[in-house]
Amino acid sequence: MDWTVGRWLAPGRVNLIGEHTDYNDGFVLPMALPLGVTCTAGIRTDGAVRVSSVQAPCDEVETTMTGLGSGGWSELPTWAHYPLGVIREFERRGYELPGVELALDGTVPLGAGLSSSAALSCSVAIALRDLYAPSVSDAEIIDIARTAENVYVGVPTGVLDQSASILCTEGHLLFLDVRTGATEQIPFDLNRFGLALLVFDTGSPHRLVEGEYSTRRAECAAAAEALGVPFLRDVRDSADVERLGDPLLRRRARHVVSEDFRVLLVAEELREGADPRSIGPTLTAGHISLRDDYEVSAPELDTAVDAALAAGAYGSRMVGGGFGGSVIALVDVDQVATVTDAVREAFARSGFDAPRDFVVTPSAGAHRLD
Ligand code: ADP
Ligand code: MG
């Protein structure tokens, strides 16, 4: 591997609160996970492009910069659309890449709602920046990674995942106002309060690509139009939502408007140094809203949340786009085993495969390793 010139790491994320708010121009509060994708990258000057991943062992791609520009993407394995989309996007924006060699390896479970996709595309984007285009800003990196996912993979995600992977810092939640791009790092030191954040990957893959996500986005746009505002973020009074004639749009809007409020509430409490136990009920309220009003939960997610709460979690909710994926639970450090066992038992009783569990701490955003 004499082409190797460096290694870059970009993390996955969990959103403490603020689900389906990003594409409504609202607020989110994610943290980076101690799980990520490592991109080992090297410069080529012969116009060749080679990408491989330990997680896609039979799907190495060899092509050329000119080849990428002339179509034929449908022949390429889906996973490779993420790194190749990032490469194309650099080119399209006028940054010249004379060739590139990328070898990827990740620890974020794929399709678990923990954003392995943004970890993948962001790790490639920061590697290419350092190698070929050092003037590119973080904001543009986020946009490049998101475009790779939106245009070259075809998943219409908002800006949350890529922003979290690039902008989060160790020990903090990232409070992001998606409309203005304003960010604030809010300390989140669970250890100090004898708390732990558990993540359960329920193993039921989320199914965003299959259209539900786009449907929700369209419903939000329709609700905003009916309310006479550009985005649901702009609803000033939640009573306005209750006056929406269409019951489906009313429920969708109710989730988004109340979720923005929950993000602001949690950010305010933590900013003021409150014991994080106090945010537990708000996290759980977020789950109920996603389950009943936004209708993006799944039996595995509800089972994990209910079991965690019954076993003593202060708050618990599904994270990510929904229809499967992962759940978080805020628990006392000495209750981690009890809550984990309770969730495992509930899964066994329901006939679901055992979930994977992780205790996570707010970790560093994307950076160069060596
Ligand atoms: P999530 O982002 O929640 O994990 P997505 O469906 O958005 O779920 O992205 C998962 C997809 O990202 C995988 O199916 C795969 O195509 C790609 N991916 C993520 N990490 C890797 C990796 N380390 N190697 C290859 N492909 C990956
Ligand atoms: Mg993703």
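What this report covers is the structure whose coordinates are included nearby.

Conventions we followed
- Residues numbered from 1 in each chain as written.
- Chains lettered and ligands numbered in written order.
- Predicted model: local features only at pLDDT ≥ 70, side-chain atom pairs only at ≥ 80, totals over all residues.
- Heavy atoms only, no water.
- Helix = DSSP H or I, 4+ residues; strand = E, 2+ residues; numbered from the N terminus.
- Expected span 1.5 Å × (residues − 1).
- Polar contact = N/O pair within 3.5 Å; in protein donor to acceptor, adjacent residues only side chain to side chain.
- Core = buried A, V, L, I, M, F, W, Y, C linked by side-chain atoms within 4.5 Å.
- Buried < 20%, exposed > 50% of the residue type's maximum accessible area, 1.4 Å probe, protein only.
- Contact = heavy atoms within 4.5 Å.
- Pairing = 2+ DSSP bridges.
- Axes fitted to C-alpha atoms, helices over the stretch in contact; angles between N-to-C directions.
- Phe/Tyr/Trp six-rings, centres within 6.5 Å; stacked < 30°, edge-to-face > 60°.
- Lys NZ or Arg CZ within 6 Å of the ring centre and 35° of its normal.
- Left-handed = near helix turned anticlockwise from the far one by under 90°.
- Nonpolar A, V, L, I, M, F, W, Y, C, P; charged D, E, K, R; others polar.

## Thoughts on helix α8 (residues 247-271)
Here α8 spans 36 Å end to end across 25 residues, near enough to the 36 Å set by a 1.5 Å rise per residue. Regarding α8, its N-cap is Asp246, as a side-chain oxygen of that residue lies 2.8 Å from the backbone nitrogen of Leu248 further along. Looking at the residues trailing α8, positive phi occurs at Gly273, about 80 degrees.

## Some remarks on the nonpolar core
Judged by nonpolar contacts, the single largest core of 83 residues is most densely connected at Leu16, Ile87 and Phe90. Setting aside chain neighbours within four positions, we find Phe90 in contact with Tyr95, Leu97, Ala125, Leu128, Arg129, Ala133, Val136, Ile141 and Ile144.

## Topic: the pairing of strand β9 (residues 315-319)
Regular strands place side chains that alternate from one sheet face to the opposite one. For β9, the tally of buried residues reaches five of five residues, placing the bulk of the element in the interior. Where β9 lies against strand β10 (residues 326-332), five bridges are found, and the strand directions are antiparallel. If you follow Arg317 over to β10, its bridge partner there is Ile328. Linkage of β9 to β10, two consecutive antiparallel strands, is achieved through a turn of six residues, within which Gly320 is found at a positive phi near 85 degrees.

## Here we look at the sheet that holds strand β8 (residues 195-201)
Strand order in the open sheet formed by four strands is β9-β10-β8-β11, with antiparallel pairing between adjacent strands. The strands lining the two open edges of the sheet, one partner per strand, are β9 and β11 (356-360). With strand direction ignored, the average angle separating the axes of adjacent strands in the sheet is 25 degrees. For β8 and β10, the ladder comprises seven bridges, and the chain directions are antiparallel. Bridge pairing in β10 places Ala196 opposite Val331. The strands that helix α9 (residues 280-293) touches are β9 and β10; relative to β9, the one it contacts most, it runs at about 40 degrees. The strands touched by helix α10 (residues 299-310) within the sheet are β9 and β10, with β9 carrying the most contacts at an inclination of about 165 degrees.

## Quick word on the packing of aromatic side chains
If you walk through the whole model with that rule in mind, you get five aromatic pairs. With a centroid separation of 5.3 Å and 70 degrees between ring planes, the pair formed by Tyr23 and Tyr213 is classed as edge-to-face. Here Tyr23, found in the loop between β1 (6-17) and β2 (27-43), pairs with Tyr213, found in helix α6 (residues 212-227); they are 190 residues apart in sequence, far enough to count as distant. The pair Tyr23 / Tyr213 is uniform in exposure class, with both members buried. Taken together, a centroid distance of 5.4 Å and an interplanar angle of 70 degrees make the contact between Phe347 and Phe352 edge-to-face. Residue classification places Phe347 among the buried positions, given a relative accessible area of 0%. A residue is classified by how much of its surface remains accessible, and Phe352, at 23% relative accessible area, is partly exposed. Lying over the aromatic face of Tyr294, Arg216 brings its terminal NZ or CZ to 5.9 Å of the ring centre. Positioned over the ring face of Phe175 is Arg271, at 5.7 Å from the centre of the ring.

## Describing the packing of helix α2 (residues 78-92) against helix α3 (residues 116-132)
The interhelical angle for the contact between α2 and α3, taken along N-to-C directions, is 35 degrees, at an axis separation of 9 Å. Between α2 and α3 lies a crossing of right-handed hand. Touching Trp79, Tyr82, Pro83, Val86, Ile87 and Phe90 of α2 are Ser117, Leu120, Ser121, Val124, Ala125, Leu128 and Arg129, all from α3. For the contact of α2 with α3, the residue count by class is ten nonpolar, two polar and one charged.

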